[in-house]
Amino acid sequence: MIIMKFGGTSTQDATAVTNVVEIIHSRLSQHPFIVISAIAQATNLLELAGKLAASGRVGEANDTLLKLFERHYTMVDNLVHDTARHRELRAVLGSSFRELEGLVDGVSILHELTPRTLDAFYCYGELLSSRIIAAALQERHIPAEWLDSKEFMITDENFTRALPMMDLVQTRLNQVAVPFLTAGTIPVTQGFIGVTLAGRRTTMGRESSDYSASIIGAVLHAEDIQIWTDVDGILTADPQVVTSPKKIKALSFEEAYELSYFGAKVLHPNTMLPAIEKNIPIHIYNSRRPQSSGTLVTSASDSRQSLLKSVAYKRNVVVINVVPRTRFSQYMLWEHIYSILTKYDSVASMTTTSEYSSSFVMDAYPNLQAIIHELEGIGIVSVLEKKGIVCVVGTNIRQQPFLVDRIFRSVSQYGIAMISYGASKSNLSMVLDDEAVPDAVRRIHLEFFESPNDENLFEEIEHKHASA
Ligand code: ASP
Ligand code: MG
């Protein structure tokens, strides 16, 4: 059995869905379990409708929904010709629209969009796209059945960033999967969304449908977790910054995790976690070029060699430095800092400590001011804003001859505010001015990736992709 997850651009219209149906058709012998995310932009538009409603702009909220639903209606009309199936899908669209209108009214009266209500908006994106795909597969005489993820994807109650309760997910999903397997039908379910024990819809964080696919794959011991997107795989750099990045043929779980954490958008970072636990390979494939070999992420890594794989970046971060007011130990200082960050649900993506003070990097969240204010209770705080992280990822990069020298020579015209090196075998990260980030990425890419590289590692791609 394999998991096939399709992202929003792979399902954005009837033509894209027809292509997806053919891809699934070509892999039927591998017993696919299908995971679908919302059609392109749907999640953003549902969020926008919720926000417009909360600011009292009911008409605009409903117009936003109407436009989104028109796209779904067009898809249904183009894809589904069986009369009963067509009528049923249009009825589902109609009732979903009315439910959303009801939500808009409620939110506009309360003038508040809570995370719980936002999730109630969000879930329609995946619920509808997955129904359309299931119907399109049936039209092609593929025995597919729509499966509501509320049957198994039980999460905690942290709306908009819920985490799966793995024991329950495991029990329920195993039960739910049996009838599908015995009947030889193909389940088509939703990524991204889950449900609390009390039956409230939740979501697991933006872009998390890759994570859903991996959770399902791990529970069901899939042979392969396939993430189908709109690029050839994981690249040596962002094609929007570097003109000729190459595709990386294979990465380790650790490298893929570091890359997605530090800004590569192809995979949600959490995707690697369930796959690591059960040691299931992840493939990234391009649904526009299904013949391309994609990128393979596995536990295998050649530990004897040093191989640089990619340069990633993260923009708009801040560096916060804290000089403690009382000279308590570093251990205590970090305990204070972390408890404040945890309270605001923030994480430090890089840290450094000297005897005198401690620094860390975090995303420029809206609650930054509140965090700074609390940190001022324990020390003198200084903040460097408008910074960015550039991060080189690879296998055993410490063994790369002249690595540090070559990296720093490449970006020597820029001031470096912070460096992190050594915590993992696979990454060196540095903080510089946000506006210097694209050029720094280009220079590092030129230094390490643009001379003829190992053909076993990289592959030239067609350079006309948008980033996923
Ligand atoms: N549709 C959701 C989002 O846009 C989840 C996903 O696509 O992974 O965030
Ligand atoms: Mg994605």
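Preceding this section is the structure that the text describes.
Here the structure is a predicted model, which means the values were calculated and not measured.

Conventions adopted
- Residues numbered from 1 in each chain as written.
- Chains lettered and ligands numbered in written order.
- Predicted model: local features only at pLDDT ≥ 70, side-chain atom pairs only at ≥ 80, totals over all residues.
- Heavy atoms only, no water.
- Helix = DSSP H or I, 4+ residues; strand = E, 2+ residues; numbered from the N terminus.
- Rg over C-alpha atoms; globule rule 2.2 N^0.38 Å.
- Buried < 20%, exposed > 50% of the residue type's maximum accessible area, 1.4 Å probe, protein only.
- 1 Å grid on protein atoms, 1.4 Å probe; cavity = no way out; pocket = protein on both sides within 12 Å on 5 of 7 lines; lining within 4 Å.
- Points joined across faces, edges and corners; volume = space filled by probe spheres on them.
- Nonpolar A, V, L, I, M, F, W, Y, C, P; charged D, E, K, R; others polar.
- Expected span 1.5 Å × (residues − 1).
- Arc of directions from axis to C-beta.
- Contact = heavy atoms within 4.5 Å.
- Pairing = 2+ DSSP bridges.
- Axes fitted to C-alpha atoms, helices over the stretch in contact; angles between N-to-C directions.
- Near = heavy atom within 4 Å.
- Polar contact = N/O pair within 3.5 Å; in protein donor to acceptor, adjacent residues only side chain to side chain.
- Areas by Shrake-Rupley, 256 points an atom, 1.4 Å probe, with all protein chains shown as cover.
- Core = buried A, V, L, I, M, F, W, Y, C linked by side-chain atoms within 4.5 Å.
- Salt bridge = Lys/Arg side-chain N within 4 Å of Asp/Glu carboxyl O.

A. Spatial organisation of the overall build of the protein chain. The number of helices and strands found in the protein chain is 13 helices and 18 strands. Its C-alpha atoms give the protein chain a radius of gyration of 23 Å, within 12% of the compact-globule value 23 Å for 468 residues. In terms of overall dimensions, the protein chain has C-alpha extents of about 70 × 55 × 40 Å along its principal axes. Taking all 468 residues of the protein chain together, the buried fraction comes to 55%.

B. Representation of the layout of surface pockets within the structure. Put simply, the second largest pocket is a space of about 200 Å³. Forming the boundary of the second largest pocket are 14 residues, of which Ser96, Glu99, Tyr124, Leu127 and Arg201 lie nearest the centre. Elements supplying a minimum of two residues to the lining of the second largest pocket: α4 (83–110) and α5 (115–139). When residues of the lining of the second largest pocket are assigned to their parent elements, the largest contribution, six residues, is made by α5. Taken together, the residues of the lining of the second largest pocket sort by class into eight nonpolar, two polar and four charged.

C. Fine view of helix α3 (residues 58–79). In this model α3 runs 31 Å from its N-terminal to its C-terminal C-alpha over 22 residues, within 8% of the 32 Å that 1.5 Å per residue would give. Along α3, the positions that sit buried rather than exposed are Ala61, Asn62, Thr64, Leu65, Leu68, Phe69, His72, Met75, Val76 and Leu79. Mapping the buried residues of α3 onto a view down its axis gives an arc of 155°, with all of them on the same face. Where α3 is buried, its residues touch α1 (14–26), α2 (42–54), α4 and α5.

D. Examining the environment of Phe152 more closely. Mapped onto the fold, Phe152 is located in the loop between β3 (144–146) and α6 (166–183). Remark: the alpha-carbon pair of Phe152 and Ser429, spanning 277 residues in sequence, is separated by 39 Å. Setting aside residues up to four positions removed in sequence, Phe152 forms contacts with Leu147, Val169, Arg172, Leu173, Thr189 and Ile216.

E. A look at the pairing of strand β16 (residues 416–421). With five bridges joining them, β16 and strand β17 (residues 427–433) adopt antiparallel strand pairing. Bridge pairing in β17 places Ile416 opposite Leu432. The turn joining β16 and β17, which pair antiparallel and follow one another in sequence, is formed by five residues; a positive phi near 115° is taken by Gly422.

F. Examining the sheet that holds β3 more closely. Taken in spatial order, the eight strands line up as β3-β4-β2-β1-β7-β10-β11-β9 in an open sheet, and their pairing is mixed. Bordering the open sheet on either side are β3 and β9 (250–252), each of which pairs with just one other strand. Taken over all neighbouring pairs, the strand axes of this sheet differ in orientation by 20° on average, direction set aside. Alignment of β9 against strand β11 (residues 295–298), held across three bridges, turns out to be parallel. Bridged to Leu251 within β11 is Val297. Across the face of the sheet, α1 comes into contact with β1 (2–6), β2 (32–36) and β7 (224–229) while running at roughly 170° to β1. Packed on one face of the sheet, helix α8 (residues 253–261) meets β9, β10 (282–286) and β11 and runs near 90° to β9.

G. Spatial organisation of the site of ligand 1. Residues in contact with ligand 1, as listed here, are Ser37, Ala38, Thr43, Glu126, Phe192, Arg206, Glu207, Ser208 and Ser209. Between an oxygen atom of ligand 1 and a side-chain N or O atom of Arg206, the distance comes to 2.6 Å. The backbone of Glu207 places a nitrogen or oxygen atom 2.8 Å from an oxygen atom of ligand 1. In the complex, 92% of the free accessible area of ligand 1, which totals 260 Å², lies under the protein chains. Looking at the shell around ligand 1, its residues break down into two nonpolar, four polar and three charged.

H. Layout of α2. Look at α2: 18 Å from first C-alpha to last across 13 residues, which is about the 18 Å you get at 1.5 Å a residue. Burial in α2 covers these residues: Ala42, Thr43, Leu46, Glu47, Ala49, Gly50, Leu52, Ala53 and Ala54. Here the buried face of α2 lies against α3, α4 and α5. Two residues or fewer after α2 comes Gly56, characterised by a positive phi angle close to 85°.

I. Molecular detail of the sheet that holds β16. Read from one edge to the other, the open sheet built from six strands follows the order β13-β14-β12-β15-β17-β16, with strand pairing classed as antiparallel. Each edge of the sheet is formed by a strand with only one pairing partner; in this case those strands are β13 (350–353) and β16. Sheet twist, expressed as the mean angle between neighbouring strand axes with direction ignored, is 30°. This element, α8, spans β12 (307–324), β15 (379–395) and β17 of the sheet and lies at about 140° to β15.

J. Quick peek at the nonpolar core. Counting residues in hydrophobic clusters, the biggest one holds 73 residues, and the most contacted among them are Ile3, Phe33, Ile216, Ile234, Val390, Val441 and Ile444. Residues contacting Val441, with those up to four places away along its chain left out, are Ala237, Val241, Val242, Val311, Tyr313 and Val390. Ala61, Tyr124, Ala136 and Val188 belong to the second largest nonpolar core, which has 55 residues in total.

K. Up close: empty space enclosed by the protein. With the rule as written, the count across this model stands at two cavities of 30 Å³ or more. The computed volume of the second largest cavity comes to approximately 40 Å³. Lining the second largest cavity are Ile234, Ala256, Ser260, Ala264, Val266 and Leu267. Partitioning the lining of the second largest cavity into residue classes produces five nonpolar, one polar and no charged.

L. Spatial organisation of the pattern of salt bridges. Evaluation of the coordinates by the stated rule reveals 20 salt bridges. The residue Arg161 makes a salt bridge to Asp345 at a minimum N-O spacing of 3.0 Å. One end of the pair, Arg161, is in the loop between β3 and α6; the other, Asp345, is in the loop between α10 (330–343) and β13, and 184 residues separate them in sequence. Here Glu374 and Lys343 are joined by a salt bridge, their closest N and O atoms 2.5 Å apart. Of this pair, Glu374 sits in helix α11 (residues 368–375) while Lys343 sits in helix α10, and the two are 31 residues apart along the sequence.

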